[in-house]
Amino acid sequence: MVSMSSDPEPFTIYAPKLDTMNQLWHPVVQQNGCVFKPVEHFEVAMLNLIFHPNINSTSIMRADILYDSAIGSHKDGDISYEDYAKKEKEICCELEKLGIFSLRSNGVECVRIKRRIIREIIPRNQDKDLSMRQSCLLLSDGAGSSSILYLPHAIESPESTPYYHPAVSGILLHYTPTRIHNDANTLQLLYRLFSPSPEPVALPNRLERTALRLLATAYKHSLGVMNGYQKRVQHDVIIDKVSFQDTYVSLKRRYARDLVSRWVESTDPKKHVFEDLAIAAFLIELWDARYTDKGSAKNSICFVDIGCGNGVLVYILIMEGYTGYGFDARRRKTWEIFPDLVQDCLREEVLVPYLCLDTDMEIGNKGLRFHNGNFAEGTFLIGNHSDELTPWIPLLGQPFMVIPCCSHALSGAKYRYPTSIELRQKSALPHDQQKLSTYGALVEHVVKTAHDVGWVVEREMLRIPSTRNAAIIGVERRSGDDTGRIWTAEDIIRREGGAAGFSDRVVALTSKNPRSH
């Protein structure tokens, strides 16, 4: 056996030595000295991994749960789950002969199915990988040990196995606690091969590495449960994950390859294209959810992307049938790759809100086109990493979504908002965290501004390839705060110390190279 360093005890990769079942089951890796002694720690962690297989593999998008014996519901009424029950029982009989489960008083092992979950694994790249149905069984022997057994459906050979799944017919994670000392607690992983071998089998390196990762993740998450770990970031608060991901995949199939192949900017095309595809998917689902009472969202929505940058988000939304346009202080080379229909919706303009328009600033000054921030009633404003414009968007009186990035004051100057936890409003940070990050402080400031001027503020941590992924959304108006007060935009500007210099700073942007985000 080979020891591999890990914390707290070395993982151990075993050379095959089981004679039972003619080498059908293959022990691969084991962790000794597990400190999460109650079996519930392991079971809670493993159930979470069953519901979220993307934790184990970046090639997996999600799992759709088709059946769960804990609630007795069948998502797909056309599936007869009894078809799999016979196979599951046969494999449980195999496990009883392995010698890893505790014996009953009569000396015979007994493996019991405590919970059956059938899931469909949805790959991230559905053009390359097929989805796969899989039984996930929570097993117990009645003597304290617990196991998770993964059995893929309709996979008969290594060649038919999806890339994101080990090329085996079954995976067993087996946890054995003891009543003596934590050093004796063990967590081990076994593979079930597709066919028995009369000789010990040397596993391919990739199978060993996958086993090590699966075991390490199970161990880490079990420790997390024991230590009371809670997620700090909650996704899918506003829009259901499945709806968002399905829309994202659909957009990705139609637009990603073409956009990446024709990219003309010096920036990373994959980062920008996939980020804007995800934002477009979120907006489409958001609009469908918020504007269904007004008929089709496509007929109800007129959007404006303020600081639209490369224009990809505008392009996707226009091509999807939505009405709107985008503008930016600088024209981008990317605009020229879009069809005329989209190019007509991209404008080189500078936003100088009427609330701060300098008396000596005139339309056409220095040959520039200006927008005064007066939009038609109901126009949905988008601010995707719009920097200097971000704190202004909630003040313009129209429904909006902003994704803050760099921190600026209303004057357009770079500014770091106070990070004291007392100054936040409804922050998502843990109670034991005493300070916000600089980005967190910016987000909380924009949330407070939007709330004070009368918006019902919602927030979502978007599933985009960026650490600046907090979306702040205002669609509905509130009646007033605890004192009944709703601030005016002018009130906010005075509270913030004014906006002197904003117009000069945004005009100066036209002579600088565009930022990369």
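In this report, we go over the structure that sits alongside the text.

Quick notes on the rules
Throughout this description, residue numbers start from 1 for each chain and increase along the sequence as written. For this predicted model, a pLDDT threshold of at least 70 governs which residues receive local features, and a threshold of 80 or more governs which side-chain atom pairs are given and counted, while totals over whole chains, interfaces and linings are taken from all residues. Working from all heavy atoms in the structure, the side-chain values ignore hydrogens and water. Only DSSP runs of H or I covering at least 4 residues are called helices, and only runs of E covering at least 2 are called strands; the numbering of each starts at the N terminus. Multiplying one less than the number of residues by 1.5 Å gives the expected span of a helix. A simple rule labels every residue: compare its accessible area, found with a 1.4 Å probe on the protein chains alone, to the largest value its type can have, and call it buried under 20%, exposed over 50%, or partly exposed in between. Any pair of residues with heavy atoms lying within 4.5 Å of one another is described as a contacting pair. Structural elements are reduced to axes, namely lines fitted to C-alpha atoms, with helices fitted over the stretch in contact, and the angle between N-to-C directions of any two is expressed from 0 to 180 degrees. Crossing handedness is defined as follows: a turn of the near helix away from the far one that is anticlockwise and smaller than a right angle gives a left-handed crossing, while the clockwise case is right-handed. Amino acids are sorted into nonpolar (Ala, Val, Leu, Ile, Met, Phe, Trp, Tyr, Cys and Pro), charged (Asp, Glu, Lys and Arg) and polar (every other residue, Gly among them). Nonpolar cores were defined as sets of buried Ala, Val, Leu, Ile, Met, Phe, Trp, Tyr and Cys residues, with membership established by side-chain atoms within 4.5 Å. At least two DSSP bridges between two strands are required for those strands to pair.

## Quick notes on helix 9 (residues 438–452)
Moving on, step 1. Here helix 9 spans 21 Å end to end across 15 residues, near enough to the 21 Å set by a 1.5 Å rise per residue.
Moving on, step 2. In terms of burial, helix 9 is a largely internal element, 12 of the 15 residues being buried.
Moving on, step 3. All of the buried residues along helix 9 are Y439, G440, A441, L442, V443, E444, H445, V446, V447, T449, A450 and D452.
Moving on, step 4. Residues of helix 9 that are buried make contact with strand 17 (400–403), strand 18 (455–461), strand 19 (470–477) and helix 10 (489–495).
Moving on, step 5. With its phi angle positive at about 105°, G454 sits one or two positions after the end of helix 9.

## Observations regarding the packing of helix 4 (residues 241–261) against helix 5 (residues 269–290)
Moving on, step 1. Interhelical geometry of helix 4 versus helix 5 gives an angle of 140° and a closest axis separation of 9 Å. You can see that helix 4 and helix 5 cross each other, and the crossing is right-handed. Across from S243, F244, T247, Y248, L251, K252, Y255, A256, L259 and V260 in helix 4, the residues of helix 5 making contact are P269, V273, F274, L277, A278, A280, A281, F282, I284 and E285.
Moving on, step 2. Of the residues assigned to the contact of helix 4 with helix 5, the class counts are 16 nonpolar, two polar and two charged.

## Observations regarding the environment of L442
Moving on, step 1. Turning to its location among the elements, L442 is positioned in helix 9.
Moving on, step 2. Residue class for L442 comes out buried when judged on its relative accessible area of 2%.
Moving on, step 3. Separated by 34 residues in sequence, L442 and H408 have C-alpha atoms that sit 8.3 Å apart.

## A closer look at the nonpolar core
Moving on, step 1. Ranked by internal contacts, the top residues of the largest apolar core, which has 94 residues, are L283, W287, I306 and L317.
Moving on, step 2. Broken down by element, the residue count for this core peaks at 11 residues, all from helix 5.
Moving on, step 3. Beyond its immediate sequence surroundings of up to four residues, W287 is in contact with T292, A297, I301, F303, L317, Y322, F380 and I382.
Moving on, step 4. Residues M46, Y175, L193 and Y219 belong to the second largest nonpolar core, which totals 32 residues.

## Some thoughts on the side chain of T186
Moving on, step 1. Mapping T186 onto the fold places it in strand 10 (residues 186–192).
Moving on, step 2. By relative accessible area, which is 15% here, T186 ends up buried.

## Remarks on the environment of G324
Moving on, step 1. Structurally, the position occupied by G324 is in strand 12 (residues 323–328).
Moving on, step 2. Sequence separation between G324 and T379 is 55 residues, and the spatial gap between their C-alpha atoms is 8.7 Å.
Moving on, step 3. Every residue in contact with G324, bar those within four places of it in the chain, is listed here: C302, F303, I318 and C345.

## A few points about the sheet that holds strand 18
Across a sheet, paired strands are connected by hydrogen bonds in the backbone, their directions being either parallel or antiparallel.
Moving on, step 1. The mixed open sheet is built from seven strands, whose spatial order is 13-12-11-16-17-19-18. The sheet is open, and its two borders are formed by strand 13 (346–348) and strand 18, each paired with just one other strand. On average, each strand axis in the sheet is tilted by 20° relative to the strand beside it, whichever way the strands run.
Moving on, step 2. Here strand 16 (residues 380–384) runs beside strand 17; their pairing, made up of four bridges, is parallel. By the bridge assignment for strand 17, I382 is matched with M401.

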